[in-house]
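Here are the chains, one letter per residue:
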Amino acid sequence: MYDATTLVPAIADADIIVSFIGSSPMPTYAQALIDAINMSGRTIDRVIWLGAGGMMGETIGGEGRIARSMPGYFNQQLRGGEMLMGADFDTTIVSPVMFHGGPAGKPIIFDSHETTPAQTVSRETIALVYLEALLQDKWRNQMITVGDRK
């Protein structure tokens, strides 16, 4: 996963790359993905990437406390996202706030540079926002934080 040469065959016919990888180290994975895209010679229309709610200091409540208690993890999440945002293809970073086990609510989507009142989100909501990011150009080159409206 962190070696660009192993990623090249996976993107050989891709126009859009959707990544749900949430493990560390994100800057290493982001650089491998950028290198693989460059090595492949493909023109990638866009990358949709899973970030971490709180990486921009935009969350409150439990998520904000977690972000402050694990600055190394959230900083490397941010660095990986920033690397992709600076690449030569469109990128959407979708950062969920803290997951809950319940059904989807009405999504609340904020620019990741703004404080969000959302404190939890369902996996279903994140999947729906990923789908929206695939279908709507308004999310290109955006870092968004997603939660469920109460």
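To be clear, the structure that these remarks concern was listed above.
Rules of the game
- Residues numbered from 1 in each chain as written.
- Predicted model: local features only at pLDDT ≥ 70, side-chain atom pairs only at ≥ 80, totals over all residues.
- Heavy atoms only, no water.
- Phe/Tyr/Trp six-rings, centres within 6.5 Å; stacked < 30°, edge-to-face > 60°.
- Helix = DSSP H or I, 4+ residues; strand = E, 2+ residues; numbered from the N terminus.
- Buried < 20%, exposed > 50% of the residue type's maximum accessible area, 1.4 Å probe, protein only.
- Pairing = 2+ DSSP bridges.

Colleague: For the packing of aromatic side chains, give the residues involved together with the corresponding values.
Modeller: Here a ring pair, both rings aromatic, is described through the centre-centre distance and the interplanar angle of the planes. This structure, assessed with the given rule, holds two aromatic pairs. Aromatic side chains Y29 and W49 sit 5.1 Å apart centroid to centroid with 20 degrees between the ring planes, which places their arrangement in the stacked category. Remark: W49 occurs in strand β2 (residues 46-50) and Y29 occurs in helix α2 (residues 26-40); sequence separation between them is 20 residues. Judged by relative accessible area, W49 falls into the buried class, the value being 0%. Between Y73 and F74, the ring centres sit 5.1 Å apart and the planes meet at 90 degrees, which makes this aromatic pair edge-to-face. Accessibility expressed as a relative area gives 5% for F74, which makes it buried.

Colleague: How would you summarise the pairing of strand β1 (residues 16-19) if you had to cite specific residues and measurements?
Modeller: Only one face of β1 is buried: it carries I17 and S19, and the other face, with I16 and V18, is open. Two elements, β1 and β2, share four bridges in a ladder whose sense is parallel. Following the sheet pairing, I17 is matched in β2 by V47.

Any link to function would need more than the numbers given here.
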